[in-house]
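# Structure at a glance
The residues making up each chain are set out below.
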Amino acid sequence: MSQRDFIRHVVFFTARDEADIPRIIEGLKQLGDIPHVTHFEVRECARMDQIANDVDVVVYAEFADRAAFDAYKAHPIYQSSIDVVRPLRDTRVAADF
């Protein structure tokens, strides 16, 4: 297996109220303005899985390395996004690899 430095960050959200999904997406989209991100997407879940479709919104981001990821989390826009999204979401599950 080859060594790589870049980090993939995937986060799954469920909304407390389905009507808030557009507001959650807009709150998360501001994260794409953080300069440390090399690739960033926010999408409503397509719900194509035949077994489980519990996720409402997905964030996918890539970072050049751990330092870029840490700088992203420390950026003021990150906290601003949390302030918008946290009251609207039920579940947040993140995976980094």
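On to the overall build of the protein. Per the secondary structure count, the protein includes three helices and four strands. Reading the protein from its N end, one meets helices and strands in the order β-α-β-β-α-α-β. For the protein, whose C-alpha radius of gyration is 14 Å, the value lies close to the compact-globule estimate of 13 Å for 97 residues. Based on the C-alpha atoms only, the size of the protein along its principal axes is roughly 40 × 35 × 15 Å. Expressed as a percentage of the 97 residues in the protein, the buried residues total 32%. Taking the intrachain contacts of the protein between residues at least 6 apart in sequence as the baseline, contacts between residues at least 24 apart amount to 74%. Each charge sign in the protein was given a centre, from 12 positive and 17 negative side chains, and these centres are 3 Å apart.

A few words now on the sheet that holds strand E1 (residues 7–15). To summarise the sheet geometry, strands pair through backbone hydrogen bonds and adopt either a parallel or an antiparallel arrangement. Strand order across the open sheet formed by four strands is E2-E3-E1-E4, with antiparallel pairing between neighbours. Bordering the open sheet on either side are strand E2 (39–44) and strand E4 (89–96), each of which pairs with just one other strand. With direction set aside, neighbouring strand axes in the sheet form an average angle of 10°. Sheet topology places E1 next to strand E3 (residues 57–63); seven bridges connect them, and they run antiparallel. Within the sheet, the bridge partner assigned to Arg8 lies in E3 and is Glu62. Helix H1 (residues 21–29) contacts E1, E2, E3 and E4 of the sheet and is inclined by roughly 175° relative to E2.

Here is what the cut-offs are and how they apply
- Residues numbered from 1 in each chain as written.
- Predicted model: local features only at pLDDT ≥ 70, side-chain atom pairs only at ≥ 80, totals over all residues.
- Heavy atoms only, no water.
- Helix = DSSP H or I, 4+ residues; strand = E, 2+ residues; numbered from the N terminus.
- Rg over C-alpha atoms; globule rule 2.2 N^0.38 Å.
- Buried < 20%, exposed > 50% of the residue type's maximum accessible area, 1.4 Å probe, protein only.
- Contact = heavy atoms within 4.5 Å.
- Lys, Arg positive; Asp, Glu negative; His and termini not counted.
- Charge placed at Lys NZ, Arg CZ, Asp CG, Glu CD.
- Pairing = 2+ DSSP bridges.
- Axes fitted to C-alpha atoms, helices over the stretch in contact; angles between N-to-C directions.

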